Amino acid sequence: GIDFRGDPTAALLEVLDPEMNKEFSDHYLELPFDLSDVFFITTANTRDPIPRPLLDRMEIIQMSGYTEEEKLGIAKGFLIPREIEKHGLKKTQVKFLDDTLLAIIQEYTKEAGVRNLEREIAKVLRKIATRFVTKKGAKKSAGAIKVTKKDLTDYLGAPKYRFGLAEEQDQIGVATGLVWTEVGGDTIPIEVSVIPGRGNLTLTGQLGDVMQESAKAAMTYVRAHADKFDLQENFYRKFDVHIHLPEGAVPKDGPSAGVTLATALTSAFAKIPVRKDVAMTGEITLRGRVLAIGGLKEKLLAARRAGIKRVIIPDENRKDYEEIKKEIPADLKIIYVKEIQEVLDNALAGGPEKKETKPINYMPGPEPPPMYA
């Protein structure tokens, strides 16, 4: 951080540049140092606030967070044995089931690493150790204690976090998108509601500027290709469109929701349900091209965790998938697309070209007054 005490960035620029650090002068000791043969390693949670001149002097190595399977292996092979020893217990006295550890990872921690996971495991072991040293608990705990998923509420309280799950049925105007966060990937439903109005577009859910632009681009694409879905001429002038992304307290931004927005809009206007077992990610252009995105590994693992069977990704990300496919479950079907029409063919129930559609006059529900017919 830059404040009245100085600018660390300026010092780092001089320290890390091999052309300058041969004659580096320390202003505190007032002595010259040759730092040209020193190998510096710096770390940061995110590189966004790091100035570009400083980044240019670094070799960037991007480290992704642990997957759930990796966290499970770390917990079983390292964290649990260490915490059992710390709490004065024996390995034969406590046993964590795999589904219990996964529940702790998914419902009680939300992180890229395993620090909080270790704390939660320690919390469970503290309560188990208490049972062994109390007179009443010693009798009940004569054998090994199995920590099951049902016991977590007693040990750790109510779950602290939730993760996205696949929709229970195909729905009109709701498409499942994939998002990347600093603590991993997640799924998020994008909801679109079309109501009689004057053509206004409302966006809610704390959307950033880039995501708002993606929504407008998706809306323009649907308007430009209205004839493909047998929509009435100037249909958009007769309706207000409301796009909402749940968890409104969490800011959201990025271009990768473009195809999801276009799918949800098309579904709402054409009244074709979106398949419940499909999730998607990709940036969209006005011409309907689907562009590459980042965070593919985290997004695919989030889709698998949510029960998604098919994931639609940009064709430009094919090379990225080849690098990580060993870490992705084999039962997850990957669909590569280049155009938004390919997304609609795979995401909409039956595909727009196979399903007979009617021009939209109102959202499903009670019959509207004659003035809206």
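This structure is a prediction, so every number in the text was calculated from the model and none was measured.

A few words now on the confidence of the model for the chain. Of all residues in the chain, 91% have pLDDT values of 70 or greater, and the mean over the chain is 85. Between residues 352–373, whose pLDDT stays under 50, and residues either more than four places distant or in other chains, the model counts 35 contacts.

Those residues of helix 12 (residues 340–347) not exposed but buried are I340, V343, L344 and A347. The buried residues of helix 12 occupy an angular sector of 95 degrees when projected down its axis, which confines them to one face.

This part is about the pairing of strand 6 (residues 184–196). Across 8 bridges, strand 5 (residues 174–181) lies against strand 6 in antiparallel orientation. What sits directly across from V179, in strand 6, is D186. Across 6 bridges, the pairing between strand 6 and strand 8 (residues 239–244) is antiparallel. Opposite I195, over in strand 8, you have D240 as the bridge partner.

Two side chains of opposite charge can pair, provided their charged atoms sit close to one another. Taken as a whole and judged by the stated rule, the model has 16 salt bridges. A salt bridge links K76 to D98; its shortest N-O distance comes to 3.3 Å. Here K76 is found in helix 3 (residues 68–86), whereas its partner D98 is found in helix 4 (residues 98–107), with 22 residues between them in sequence. Judged by relative accessible area, which is 43%, K76 ranks as partly exposed. On the basis of relative accessibility, which here comes to 36%, the residue D98 falls in the partly exposed class. For R304, the salt bridge is made with D331, and the minimal N-O distance between the two is 2.8 Å. Separated by 27 residues along the polypeptide, R304 in helix 10 (residues 296–305) and D331 in the loop between helix 11 (318–324) and strand 13 (333–337) bring together distant segments of the chain. When its relative accessible area of 30% is taken as the criterion, R304 is described as partly exposed.

This brings us to the side chain of T187. Take T187: it is sitting in strand 6. In this structure T187 comes out as buried when scored by relative accessible area, which is 9%. Dropping the residues within four chain positions of it, T187 is found in contact with G164, L165, T176, G177, L178, A302, A303 and A306.

I243, L265 and F269 are the most contacted members of the largest nonpolar core, which totals 44 residues. Listed by contribution, the elements that provide at least two residues to this core are strand 6, helix 8 (209–224), strand 8, helix 9 (258–270), strand 9 (278–280), strand 13 and helix 12. Core analysis: the second largest hydrophobic core is formed by 26 residues, A75, I104, Y108 and L152 among them.

For the rest of this paragraph, the subject is the packing of helix 9 against helix 12. Contact pair helix 9 / helix 12: the axes reach a minimum separation of 10 Å and the direction vectors enclose 60 degrees. Taken together, the axes of helix 9 and helix 12 are oblique relative to one another. The interaxial crossing formed by helix 9 with helix 12 has right-handed handedness. The residues of helix 12 that touch helix 9, namely those facing V259, A262, T263 and T266, are I340, V343, L344 and A347. Here the contact of helix 9 with helix 12 is built from residues that sort into 6 nonpolar, 2 polar and no charged.

As a further point, take a nonpolar patch on the surface. Residues Y28, L29, L31 and F33 make up a contiguous nonpolar surface patch of about 470 Å² in total accessible area. By secondary structure assignment, the location of L29 is in the loop between strand 1 (24–26) and strand 2 (31–33).

So, on to empty space enclosed by the protein. Scanning the model with the defined rule gives 2 cavities of 30 Å³ or more in all. Here the largest cavity is characterised by a volume of approximately 40 Å³. Around the largest cavity, the lining residues are G177, L178, V179, I188, I190, S256, A257, T260, M280 and T281. Ranked by the residues each element gives to the lining of the largest cavity, the list is headed by strand 5, at 3 residues. Grouping the amino acids of the lining of the largest cavity by side-chain chemistry returns 6 nonpolar, 4 polar and no charged. Its boundaries defined by the atoms lining it, the second largest cavity holds a volume of some 30 Å³. Looking at the second largest cavity, the residues that line it are E167, Q169, D170, Q171, V174, T176, V274, R275, K276 and V278.

We now examine the packing of aromatic side chains. Working definition: an aromatic ring pair is given by the centre-to-centre distance plus the angle between the planes. Inspection of the entire model under this criterion finds 1 aromatic pair. Their ring planes at 70 degrees and their centres at 6.4 Å tell us that Y321 and Y336 sit as a pair that is edge-to-face. With Y321 in helix 11 and Y336 in strand 13, the pair connects residues that are 15 residues apart, well separated along the chain. Just above the ring of Y336 sits the side chain of R318; from NZ or CZ to the centre is 3.9 Å.

Rules used throughout
Residues numbered from 1 in each chain as written. Predicted model: local features only at pLDDT ≥ 70, side-chain atom pairs only at ≥ 80, totals over all residues. Heavy atoms only, no water. pLDDT = per-residue confidence, 0-100. Contact = heavy atoms within 4.5 Å. Buried < 20%, exposed > 50% of the residue type's maximum accessible area, 1.4 Å probe, protein only. Helix = DSSP H or I, 4+ residues; strand = E, 2+ residues; numbered from the N terminus. Arc of directions from axis to C-beta. Pairing = 2+ DSSP bridges. Salt bridge = Lys/Arg side-chain N within 4 Å of Asp/Glu carboxyl O. Core = buried A, V, L, I, M, F, W, Y, C linked by side-chain atoms within 4.5 Å. Axes fitted to C-alpha atoms, helices over the stretch in contact; angles between N-to-C directions. Parallel < 35°, antiparallel > 145°, perpendicular 65-115°, else oblique. Left-handed = near helix turned anticlockwise from the far one by under 90°. Nonpolar A, V, L, I, M, F, W, Y, C, P; charged D, E, K, R; others polar. Patch = residues over 30% accessible without salt bridge, like charges linked within 9 Å, V, L, I, M, F, W, Y side chains within 5 Å. Areas by Shrake-Rupley, 256 points an atom, 1.4 Å probe, with all protein chains shown as cover. 1 Å grid on protein atoms, 1.4 Å probe; cavity = no way out; pocket = protein on both sides within 12 Å on 5 of 7 lines; lining within 4 Å. Points joined across faces, edges and corners; volume = space filled by probe spheres on them. Phe/Tyr/Trp six-rings, centres within 6.5 Å; stacked < 30°, edge-to-face > 60°. Lys NZ or Arg CZ within 6 Å of the ring centre and 35° of its normal.

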